[in-house]
Amino acid sequence: MFSNRVTEMLGVEIPIVQAPMGWIARSQLASAVSNAGAMGIIETSSGELDAIRDEIRAMRDLTDKPFGVNIAQAFVRDPAIVDFVIDQGITFVTTSAGSPTRYTAQLKNAGLTVFHVVPTLRAALKAVDAGVDGLIVEGGEGGGFKSPTPVATMVLLPLVASQVDVPIIAAGGMVDGPTMAAALALGAEGVQMGTRMVSAAESPVHANWKQAIVDAAETDTVFLNQHTSPALRALRTERTGALEFDHQQNAMESMRNVLDLYFGGDMESAIALCGQVAGRIDAVRPVADIIAECAQDCLNRLAQLAARYPGGHAGE
Ligand SMILES: Cc1cc2nc3c(=O)[nH]c(=O)nc-3n(C[C@H](O)[C@H](O)[C@H](O)COP(=O)(O)O)c2cc1C
């Protein structure tokens, strides 16, 4: 169905990547994504490398399809993280939240394919200079830790695509066939989904969080810590709403009890990282359905557009 540099480099049928997410992006979710023909990713941002080792072992039992690992550099506590990833026999790595010069050479020398997450054109050019194989271009509407000056996918993606030759995976707001088709039209060769995957049936988070995503409107996220670091986008709750314009507090202090929220379902105990696209998610659905429908609807949308506006030339 899809054949491009991302499917070739990642060895997947469908160029959809499940976002890395601390504690969430583990074998239950990632194996469902890989088995659906897309790219499952195991997180390391929890810092629990013993648990991660078990999760990677579990992946080999749960799927014979490719999967990758994320190194979120700001959260690396163990300096041996790169050796750890290489030793696990992983072939695809995304690096994020840090300088692309830090790990790229070491990972590439070990034969891994490296995509770096970038929130600006400047960061994209720096990553290309550092020798990455590809970029994950992440718009500020997405959930998670963010650049303090967020730029929407609609602006950032075509800007970066016009300046680099490496393959791009678009992140931030990706949720269905039309958004995937739009990303392809803007120069990406794949998409990464975070919030959509948190809400999936196989996601290990508490049902309260999934329901909060289903209930959320497109206005129900807050952008926190813009005055300090790290900035982040999260679901609007009483707690995060109070932090929105409070420049005295660092929102990271509210991440302390994150597991009570993630797995205990107490939505006021911490911060639920979440993208604006929650406003477009209206049901908890199995990963296989999300991916199959997204892929088919994307192809349909591209075919419909070509049929509806036939005046162009494929060769431009
Ligand atoms: C709960 C949650 C946790 C995240 N944790 C990470 C992480 O550990 N590493 C990382 O690179 N990105 C992380 N992100 C960002 C995602 O990788 C992804 O790029 C983003 O969610 C895309 O936007 P979307 O939410 O609109 O799909 C996280 C996002 C969410 C929602």
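Please read all numbers here as calculations on a predicted model, not as lab measurements.

Visitor: What should I look at first to understand the sheet that holds strand β10 (residues 221–224) in this one?
Guide: Backbone hydrogen bonds are what pair the strands of a sheet, in a parallel or an antiparallel way. One open sheet holds the three strands; their spatial order is β7-β11-β10, and the pairing between them is antiparallel. This sheet does not close on itself; its edge strands, each paired only once, are β7 (144–146) and β10. The sheet shows a mean angle of 25 degrees between the axes of neighbouring strands, taken without regard to direction. Pairing geometry for β7 and strand β11 (residues 231–235), over three bridges, is antiparallel.

Visitor: Sorry, what's going on with empty space enclosed by the protein here?
Guide: One water molecule sets the probe size; rolling that probe over the atoms shows where empty space is left. By the definition in use, this model includes one cavity of 30 Å³ or more. Together, Thr-44, Ser-45, Gly-47, Leu-49, Ala-72, Phe-75, Val-76, Arg-77, Asp-78 and Ile-81 line the largest cavity. When grouped by side-chain class, the residues that make up the lining of the largest cavity number five nonpolar, three polar and two charged.

Visitor: What am I meant to see in the side chain of Glu-55 here?
Guide: In this structure, Glu-55 sits in helix α3 (residues 49–62). Although Glu-55 lies buried, it forms no salt bridge, and the closest oppositely charged side chain, Arg-26, sits 4.8 Å away as judged by the N-O distance. Each residue touching Glu-55, except ones within four places of it in the same chain, is listed here: Arg-26 and Ser-27.

Visitor: Can you help me understand the pattern of salt bridges in this one?
Guide: Side chains carrying opposite charge are able to pair once their charged atoms draw close together. Applying the stated rule across the entire model yields 10 salt bridges. For Glu-48, the salt bridge identified is with Arg-26, shortest N-O distance 2.9 Å. Placement of Glu-48 in the loop between β2 (40–42) and α3 and of Arg-26 in the loop between β1 (16–18) and α2 (27–35) is noted, with a sequence separation of 22 residues between them. Judged by its relative accessible area of 13%, Arg-26 falls in the buried class. Put simply, Asp-176 and Arg-280 hold a salt bridge, and the shortest N to O gap is 2.7 Å. In this pair, Asp-176 sits in the loop between β8 (168–171) and α8 (177–185) while Arg-280 sits in the loop between α12 (258–262) and α13 (287–308), placing the two residues 104 residues apart along the sequence. The class of Asp-176 is buried, set by a relative accessible area of 14%. The exposure class assigned to Arg-280 is partly exposed, which follows from its relative accessible area of 47%. What you see here is one network of salt bridges that share partners, running through Arg-26, Glu-43 and Glu-48.

Visitor: Please clarify how the layout of surface pockets should be interpreted in this entry.
Guide: For the second largest pocket, the calculated volume is near 240 Å³. Together, 13 residues line the second largest pocket, and Glu-141, Gly-172, Gly-173, Met-174 and Thr-179 are the ones closest to its centre. Of all the secondary structure elements, the ones that give two or more residues to the lining of the second largest pocket are α7 (153–161) and α8. Element by element, the count of residues in the lining of the second largest pocket is highest for α8, at three residues. Partitioning the lining of the second largest pocket into residue classes produces six nonpolar, five polar and two charged.

Visitor: Whenever I open this one, α3 confuses me. Can you help?
Guide: What sets the pattern is the α-helix's 3.6 residues per turn: residues three or four places apart point alike. A rise of 1.5 Å per residue sets the reference length of α3, with its 14 residues, at 20 Å; its end C-alpha atoms lie 19 Å apart and thus fit the reference within 8%. Every buried residue belonging to α3 is among Leu-49, Ile-52, Glu-55, Ile-56 and Met-59, and all of these are buried. Here the buried residues of α3 occupy an arc of 105 degrees about the axis, which is enough to place them on one side. What points out from α3, more than 90 degrees from its buried face, is the exposed set Asp-50 and Asp-61. Those residues of α3 hidden inside the fold are in contact with α2, β2, β3 (67–72) and α4 (81–87).

Visitor: Mind showing me how you'd approach the nonpolar core here?
Guide: A general feature of soluble globular proteins is that nonpolar side chains tend to end up buried together. If you look at the biggest cluster of nonpolar residues, it comprises 86 residues, and the most contacted ones within it are Leu-135 and Trp-209. Per-element tally for this core: the top contributor is α13, with six residues. Apart from residues no more than four positions distant in its own chain, Leu-135 is found in contact with Phe-115, His-116, Val-118, Ala-124, Ala-127, Val-128, Val-160, Val-164, Val-166, Pro-167, Ile-168 and Ile-169. The next biggest cluster of nonpolar side chains, apart from the first, holds 12 residues, and it includes Val-6, Ile-41, Phe-92 and Phe-115.

Visitor: How should unusual backbone geometry be read in this particular structure?
Guide: Both trends apply: most residues other than glycine have a negative phi, and most peptide bonds are in trans. Following Ser-229, the chain continues into Pro-230 via a peptide bond in cis, with omega recorded as -5 degrees. By the element assignment, Pro-230 lies in the loop between β10 and β11.

What counts, and at which threshold
- Residues numbered from 1 in each chain as written.
- Predicted model: local features only at pLDDT ≥ 70, side-chain atom pairs only at ≥ 80, totals over all residues.
- Heavy atoms only, no water.
- Pairing = 2+ DSSP bridges.
- Helix = DSSP H or I, 4+ residues; strand = E, 2+ residues; numbered from the N terminus.
- Axes fitted to C-alpha atoms, helices over the stretch in contact; angles between N-to-C directions.
- 1 Å grid on protein atoms, 1.4 Å probe; cavity = no way out; pocket = protein on both sides within 12 Å on 5 of 7 lines; lining within 4 Å.
- Points joined across faces, edges and corners; volume = space filled by probe spheres on them.
- Nonpolar A, V, L, I, M, F, W, Y, C, P; charged D, E, K, R; others polar.
- Buried < 20%, exposed > 50% of the residue type's maximum accessible area, 1.4 Å probe, protein only.
- Lys, Arg positive; Asp, Glu negative; His and termini not counted.
- Salt bridge = Lys/Arg side-chain N within 4 Å of Asp/Glu carboxyl O.
- Contact = heavy atoms within 4.5 Å.
- Expected span 1.5 Å × (residues − 1).
- Arc of directions from axis to C-beta.
- Core = buried A, V, L, I, M, F, W, Y, C linked by side-chain atoms within 4.5 Å.

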